[in-house]
Structures are given as C-alpha cells and as structure tokens.
Amino acid sequence: RKERLELIKKADIAYYNDDAPIMSDAEYDKLRNEYIAEFGNEELNYVPGNTTSEFRPFIHTEPVSSLGKVKENDTVKVLAAVEKLWPVVLEPKIDGLTVVAYPNKDGSYNYVTRGNGDQGDILPNFISKYEGIQKKNSKYPIRGEVFLGQADFEFINNVLESEGEQLLANPRNAAAGILRNKERSRWLDRLQYLTYDVLEVDWTEDEKIAYIKKHTPFNTVKVCQFDTAQETADNIKNVYNDYLHKGKIPVDGVVIKTNQENSLQRYGRTGHHPNNAVAWKVEQTGVITVLKDIEWQVGRKYITPVAIMEPVSIQGSVVEKAS
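In short, a report on the structure. (Residues numbered from 1 in each chain as written. Predicted model: local features only at pLDDT ≥ 70, side-chain atom pairs only at ≥ 80, totals over all residues. Heavy atoms only, no water.)

**A few points about the overall build of the protein chain**
Alright, step 1. If you tally the helices and strands in the protein chain, you get eight helices and 14 strands.
Alright, step 2. By element, 49% of the accessible surface of the protein chain is carried by carbon and sulfur atoms, the whole surface being about 16,800 Å². (Helix = DSSP H or I, 4+ residues; strand = E, 2+ residues; numbered from the N terminus. Areas by Shrake-Rupley, 256 points an atom, 1.4 Å probe, with all protein chains shown as cover.)

Laid out in structure tokens, this is it:
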C-alpha cells in the first residue's frame, strides 16, 4: 500500500511540478483507481502540484481544483453524471497548464499557475498580447488553459533539430517549459490561452462565458449543449473528436458542467474537486508502427536519440519522429 501511494505521489510531482511524466495517463488512472477501490480516496484527496521558490507566490482567492472523472467506456456512469448535473454544457478538457488571470487596478493582469490549488506562482512572462494594460479588464479572476498546438510544436522541433538542440518531448511538457522559464522564451508567443471559468462567482456556465467575452481580452473555449441528457451522453465522443480535429487543440477529454446557477453552493466540493462538474476521459489506446532507424542528434549540451518511424496518425497528427 505504502509503495503504491508513494508511486502515485511521485507521478503527481513528475507531471505537475517537473513537466516530465514517468507514466502514461492510462497507467496513472489505472494505478489511482485501483488504489481508491482497495483503500479509499482519503489519502489522495488533494490537488496535485506545487509552487516553486523561483517565482513570487500568490494565494488563490478560491481553490483552483482538479475535476472528478468518468471513463469513456463506463456509459452508465457517464449518463448518471449528466442526469445528476442536468442541464449541462460540454467543454473541451484541454491538455495544457492551468493559469488564472488576476486583474489589477491599472488594467493589467497577474498570470498565476494552479500550484497546489491554494497557492500558485506569478509567472514572470506571458503571451505578449496579454501582457501590460488591456482595453478590457475583468472584476474577477479568469481561469484558463495554456497550450501549444501541434503545428507550433512541430515548427519548434524543426528549428531545434536544425540547430542541433534537444527536441521537445511533447506539446504539454513543451508548453510548461516555455511558460515556466525565468528568462523570456523565444517561443512564448507560440503558446495559446483559452479561458472557461470566472472565479469568485456562482453563475451559470452560459453567464461565465458571456462575461469573459464581454469584459476580458481572452478567447474562450467552444461550449456545446444538447436537448436531453441521453442525447448529451450519446454525443460526448463526437464533441471530443470535433475539439481534437476541427478545433486543433490538444484535448484529453470533455468537461461536463452543470449550467445551473449557484451550483457550487448546491453540489459542494471535496478537497480534490468541485462536485458541479466532471471530466469525461477518453480511453487511451496504443498505436503500433515500425521503427526504421535511430538517429543520434548531437547538440551543444545533449546527445538525443531520435526514432525514425513509419508515419502513424496519433490523435489526428501524423508522426514520423520521436525523441
């Protein structure tokens, strides 16, 4: 039991703090779910992540939590979750880094990482168009996700390869490294920021999205709604595919949110997550291809093995190389 708990916490630190996952999402979910089934969730009832002494700390005005989860193939639980929260909206679960934009009186924002949910770090640099004084300024903190699109990820790696530098491992870790760099990264403006929540209020999701569009400079996620709970549950996978392929954003699921007013007051929260929303997680599948060759990329600081593979489609992108 102790070893499994330590492994889960080690995986949390590697993913959220070090941006260097030690296992796949599927392996992590399996390990965590098996532990909870056998021992309960009391020891895991926390928000993973932490702050770093390199940046200025910031106390969040309300907990910036993760979400509870339901699996794609557990259709009974998916429908039950939709019915419990009805009426609901669907939003993309972006595979990026949570950042909360806190408004200042002068019209600028402080951009703060999630950290441990209660305290995060003020980022010293952010996407250029959102730095400094803005024409629109919210009264409330705005939560969103910073991510690196696949096209930009491939562009950066092509440049790094031509310079003999170490390639980026994957879009999420690349975005984390760019954003958390104390020096301003040359790739910072390749990042994107999509917002989806207003803190310190208990409005409907429709009201939150409308507020962000009217009172902030930020882009919002695309929200979907259906007429019935059953229709919603039946269409979640289609919505996921639309976000992934048409929206061209890195997603690893769909968020099911109640569209009721005062929903936090009604449903409450645990130490780990609020109960007025749940994340539908897509089933992870392996992809098989052929390893054709390994190239040794020699940079100024690193020697990186690069796998040359038969082209294979992974979540809508064709991959031929992997470090």
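**A few points about the nonpolar core**
Note that soluble globular proteins tend to have their nonpolar side chains buried in a common cluster.
Alright, step 1. Judged by nonpolar contacts, the single largest core of 33 residues is most densely connected at Val99, Tyr111, Phe126, Leu179, Leu191, Tyr193 and Phe218.
Alright, step 2. Elements with a minimum of two residues in this core: strand 4 (97–103), strand 5 (109–113), strand 7 (142–147), helix 4 (150–162), helix 5 (171–179), strand 8 (192–198), helix 6 (205–215) and strand 13 (303–314).
Alright, step 3. The element that contributes the greatest number of residues to this core is helix 5, accounting for five residues.
Alright, step 4. Of all hydrophobic cores here, the second largest spans 30 residues; its members include Leu90, Tyr243, Val254 and Ile256. (Core = buried A, V, L, I, M, F, W, Y, C linked by side-chain atoms within 4.5 Å. Buried < 20%, exposed > 50% of the residue type's maximum accessible area, 1.4 Å probe, protein only.)

**Digging into the packing of aromatic side chains**
Alright, step 1. On inspection of all chains with the given rule, the structure shows 17 aromatic pairs.
Alright, step 2. Where Tyr140 meets Trp203, the ring centres are 5.5 Å apart and the plane angle is 90°; that geometry is what we call edge-to-face. Highlighted residues: Tyr140 in the loop between strand 6 (119–122) and strand 7 and Trp203 in the loop between strand 8 and helix 6, separated in sequence by 63 residues.
Alright, step 3. On the accessibility criterion, Trp203 (23% relative accessible area) is partly exposed.
Alright, step 4. On the basis of an interplanar angle of 55° and a centroid distance of 5.8 Å, the ring pair of Tyr240 and Trp280 is categorised as tilted. Here Tyr240 is found in helix 7 (residues 229–246), whereas its partner Trp280 is found in strand 11 (residues 277–281), with 40 residues between them in sequence. Accessibility classification places Tyr240 together with Trp280 in one group, the buried group.
Alright, step 5. The aromatic ring of Phe155 is capped on one face by Arg190, whose charged end is 3.8 Å from the ring centroid. (Phe/Tyr/Trp six-rings, centres within 6.5 Å; stacked < 30°, edge-to-face > 60°. Lys NZ or Arg CZ within 6 Å of the ring centre and 35° of its normal.)

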